[in-house]
Amino acid sequence: MRKKIGEMLLESGAVNEEQLREALAVQKQRSVLMGEQLIAQGACDEVTVYRALAKQSNMAFVDLVYRTPAERITSLLATQAAYELTALPVAEKDGVLLVAISDPRQAVAVDTLNFLLDREIRLVLASPSSLMAALERVYGPNEARAKTSAAARAEDGDDAPI
């Protein structure tokens, strides 16, 4: 049986029992993932939680905070697809392309990536904030998100009527 993320973080000393109990109490009231709750309450940092999630999911973890993958690797995936899948090619190892994602439940993305890239893919896990920052460093700002945000601001009524 797979260990729960809270148990893993407790055993590693990343959180204490009181912090875990507090997160469990919140989790019972709201539908929130344990790791996300521990981050929100300041009990644990994002990288520590995602390293534990990678271990729980039998995935490698990649820290993209200070690392930008080579352009010959990132250019394999189109910008729109990278943002839509929240995925970033990070390395190639023994003919297998390593692609970072931030949600281990997103494993179905491997089929889409296999199709788009026509090659063998292995998913690795990165923290959400480091993955988004790396996507922006590699591909530039997400134009679709910027347009959606601008449209939402226009609908908020803050703009002068036309």
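Here goes a summary of the coordinates provided. (Residues numbered from 1 in each chain as written. Predicted model: local features only at pLDDT ≥ 70, side-chain atom pairs only at ≥ 80, totals over all residues. Heavy atoms only, no water.)

### Side note on helix α7 (residues 109–117)
Side chains of residues three or four places apart in an α-helix project in the same direction, reflecting 3.6 residues per turn. For α7, the full list of buried residues reads A109, L113 and L117. All buried residues of α7 fall inside an arc of 50° around its axis, so they share one side. In α7, the exposed residues that point more than 90 degrees away from the buried face are D111 and F115. Here the buried face of α7 lies against α6 (79–85), β2 (96–101) and β3 (121–125). Positioned one or two residues after α7, D118 has a phi angle of 50°, which is positive. (Buried < 20%, exposed > 50% of the residue type's maximum accessible area, 1.4 Å probe, protein only. Helix = DSSP H or I, 4+ residues; strand = E, 2+ residues; numbered from the N terminus. Arc of directions from axis to C-beta. Contact = heavy atoms within 4.5 Å.)

### Concerning the environment of A91
Within the element layout of this structure, A91 appears in strand β1 (residues 88–93). Along the sequence, A91 and R72 sit 19 residues apart, while their C-alpha atoms lie 9.4 Å from each other. Contact partners of A91, with chain neighbours within four places excluded, come to R67, I73, V96, L97 and L98.

### Considerations on the pattern of salt bridges
Considering all chains together, one arrives at five salt bridges under this definition. Of the charged contacts, one joins R21 and E17 as a salt bridge, the two residues approaching to 3.7 Å between their closest N and O atoms. Here R21 and its partner E17 are both found in helix α2 (residues 17–29), four residues apart, which amounts to about one turn of the helix. For R21, a relative accessible area of 52% gives the class exposed. A salt bridge links R105 to D103, with the shortest nitrogen-to-oxygen separation between them at 2.9 Å. For R105, a relative accessible area of 60% puts it in the exposed group. Connected through shared salt-bridge partners, R72, E92 and R119 make up one network. (Salt bridge = Lys/Arg side-chain N within 4 Å of Asp/Glu carboxyl O.)

### Observations concerning helix α1 (residues 5–12)
Turning to α1, its buried residues are I5, G6, M8 and L9. All buried residues of α1 project into a common sector of 160° when viewed along the axis, lining one side. Buried residues in α1 make contact with α2, α3 (34–40) and α4 (46–56). At the exit of α1 stands G13, carrying a positive phi of roughly 85°.

Nothing here speaks to function; it is all geometry.
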